[in-house]
Structure formats: structure tokens, C-alpha cells
Amino acid sequence: MSATTSTVSNFVSALAARRSIYPLSKGAVIPDEKLIPLVQEIVKQSPSSFNSQSSRVVFLLGKDHDEYWNKIVYDAVKGVSPPDQFEGAAKRLAGFAGARLTILFYESETTVQEFQKKFAIYADRFPQWSEHASGMAQINVWTALANEGFGCNLQHYGNLTEETIASKWNLPKDWKLKAELVVGEKAGEAGEKGFMDDSERFKVFGA
Ligand SMILES: Cc1cc2nc3c(=O)[nH]c(=O)nc-3n(C[C@H](O)[C@H](O)[C@H](O)COP(=O)(O)O)c2cc1C
């Protein structure tokens, strides 16, 4: 792969530096007081359809992070997991609990509905665009934190935990949980990553 300018080439290297890292510890790669405003700024700079700014973010640090993985997700997974699979699931959850913090990515359902009313001809598109906006905020944060030296992995237990979180941390009812980014100091490296054949993935016409 070759890029046209060193800035773009640096950007592609920054993208490649974002990997799923599972062995994580509680080390502060940068202090929480710096990390939180950095993530806030990244979310603000991430795009949304019609600048609807539908994304919302919750930071769980310290005992709240631990309680989320050791109690809330643990109990929820125990409730639905086949008994012979629970041991493996519990090990994974303990790994997430061992990280420093969790960033929860939400989308505001009220904002989506407001924009559906405001721009009625696109009404059926806004829920999908909200998912896109969340994904864009997630990848921007994940890539930035990876390039700050953190290890991160992305989890999806929201279908099991959204209600419990909303009542424990008193979140607005219309905030819909999309993903949980687990963040910590790297205690291991990413696995090998394979790529499918470019010829099956990309098509170029008119060149
Ligand atoms: C939309 C989406 C959902 C994902 N969900 C999970 C997940 O629930 N649990 C998990 O461990 N990884 C999840 N991942 C991470 C992928 O497994 C990972 O990105 C992929 O295997 C490529 O590895 P890399 O992140 O190291 O590049 C998800 C990634 C994306 C883009």
C-alpha cells in the first residue's frame, strides 16, 4: 500500500495501530483528567447526519468500571448463558474488569425522532444514520486512544445491561446503548490479522 502524502501515510499507520487488544491492565497511560476531555473533543468532532449530534457518551472509571463487568454484565450473562459456556464467558468478563475504564457509546432516540420530524422525507433513514454516527464516533475514539498508547477492545452487552445501567447511573431513558469500549494499559499484543483478497472486495471502473 502506498499513500500520496506523508500526512495521509501517517494517518493510515494510525488506522493500522488500532487493534483489538484483550489483555489489559489498570495502568493510566494518560491521566483520566486528560483522557476524558480528549474523548469528549473527539466525539464532538465526529460527524452526524444533518449535524444532529445524536451521540452520547458515559465514562465508567474505578469502582464503577469494576462493578459494571464484575456484577452487572456478570449477572446478566449468567442469566442467559448455557451453564457449560459460562466459565469461558466469566473469564472474558474478568479480563474486561481488569482494564482501567469503559466508554459507553449511546445514541439519543429523542434526537433521532426530532430529526425524523424535521426532515420527514428522510424519516426512514435517520435510525440507520444514527448507527453510522455512533460507529464513526467509536472508531475515532478507539483509533485516537490506540495512538495514545492505550489498548482497547469493543464489546456489546447493551441488550442485557442497558436497563440496569440506566437505573443505576440515572441516565435518560431515551439513550440507547450501542457499544462498550474497554480501555486500559496493554498487557499483551493483538493477534495476527488476516485480510481477504482485494479482488473480491474492491471494484474500480473507468480507470
Ligand atoms: C461493529 C463491530 C462489532 C464488534 N463487536 C465485537 C464484540 O462484541 N466483541 C469483541 O471482542 N470484538 C468485537 N469487535 C471487534 C472485531 O472482532 C475486530 O475489530 C476484528 O476482528 C478485527 O480485529 P482488529 O480490531 O484487531 O483490527 C467488533 C468490531 C466491529 C467493527
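The structure this text deals with has already been given above.
Below, the structure is looked at part by part.

What counts as what
- Residues numbered from 1 in each chain as written.
- Predicted model: local features only at pLDDT ≥ 70, side-chain atom pairs only at ≥ 80, totals over all residues.
- Heavy atoms only, no water.
- Helix = DSSP H or I, 4+ residues; strand = E, 2+ residues; numbered from the N terminus.
- Buried < 20%, exposed > 50% of the residue type's maximum accessible area, 1.4 Å probe, protein only.
- Contact = heavy atoms within 4.5 Å.
- Areas by Shrake-Rupley, 256 points an atom, 1.4 Å probe, with all protein chains shown as cover.
- Lys, Arg positive; Asp, Glu negative; His and termini not counted.
- Charge placed at Lys NZ, Arg CZ, Asp CG, Glu CD.
- Near = heavy atom within 4 Å.
- Polar contact = N/O pair within 3.5 Å; in protein donor to acceptor, adjacent residues only side chain to side chain.
- Nonpolar A, V, L, I, M, F, W, Y, C, P; charged D, E, K, R; others polar.
- 1 Å grid on protein atoms, 1.4 Å probe; cavity = no way out; pocket = protein on both sides within 12 Å on 5 of 7 lines; lining within 4 Å.
- Points joined across faces, edges and corners; volume = space filled by probe spheres on them.
- Core = buried A, V, L, I, M, F, W, Y, C linked by side-chain atoms within 4.5 Å.

Examining the overall build of the protein chain
So, point 1. In terms of regular secondary structure, the protein chain is built from eight helices and five strands.
So, point 2. Tracing the protein chain from N to C terminus, the helices and strands come up as α-β-α-β-α-α-β-α-α-β-α-β-α.
So, point 3. With respect to the principal axes defined by its C-alpha atoms, the protein chain has extents near 55 × 45 × 40 Å.
So, point 4. Evaluated residue by residue, the protein chain yields a buried proportion of 37% over its 207 residues.
So, point 5. Taking the contacts inside the protein chain whose residues are at least 6 apart along the sequence as the reference set, 85% of them involve residues at least 24 apart.
So, point 6. Approximately 12200 Å² of the protein chain is accessible, and the part contributed by carbon and sulfur atoms is 53%.
So, point 7. Taking the 23 positively charged and 25 negatively charged side chains of the protein chain as two groups, their mean positions are separated by 2 Å.

Topic: the site of the ligand
So, point 1. Around the ligand, the surrounding shell consists of Arg18, Arg19, Ser20, Tyr22, Trp142, Leu154, Gln155, His156 and Lys193.
So, point 2. At 2.7 Å, a side-chain N or O of Ser20 approaches an oxygen atom of the ligand.
So, point 3. Between the ligand and Tyr22, the relevant distance is 2.7 Å, taken from an oxygen atom to a side-chain nitrogen or oxygen of the residue.
So, point 4. The residue inventory of the shell around the ligand, partitioned by class, reads three nonpolar, three polar and three charged.

Describing the layout of surface pockets
So, point 1. Taken as a whole, the largest pocket encloses approximately 260 Å³ of empty space.
So, point 2. Elements with a minimum of two residues in the lining of the largest pocket: helix H2 (32–45), strand S2 (55–61) and helix H6 (126–147).
So, point 3. Of the residues forming the lining of the largest pocket, the biggest block, four residues, is contributed by S2.
So, point 4. Considering only residue class, the lining of the largest pocket consists of six nonpolar, seven polar and two charged.
So, point 5. Taken as a whole, the second largest pocket encloses approximately 190 Å³ of empty space.
So, point 6. Taken together, the residues that form the lining of the second largest pocket break down as four nonpolar, no polar and four charged.

Digging into the nonpolar core
So, point 1. Formed by 25 residues in total, the largest nonpolar core has its most connected members in Tyr68, Trp69, Tyr106 and Tyr157.
So, point 2. Secondary-structure elements contributing two or more residues to this core are S2, helix H3 (62–80), helix H4 (83–97), strand S3 (101–108), helix H7 (158–168) and strand S5 (175–186).
So, point 3. The dominant element in this core, judged by the number of residues it contributes, is H4, at six residues.
So, point 4. Apart from residues lying up to four places away in sequence, Tyr68 is in contact with Leu60, Val73, Tyr157, Thr161, Ile165, Trp169, Leu177 and Glu180.
So, point 5. Counting residues in each nonpolar core, the second largest holds 16 residues, with Val39, Leu101, Leu145 and Cys152 among its members.

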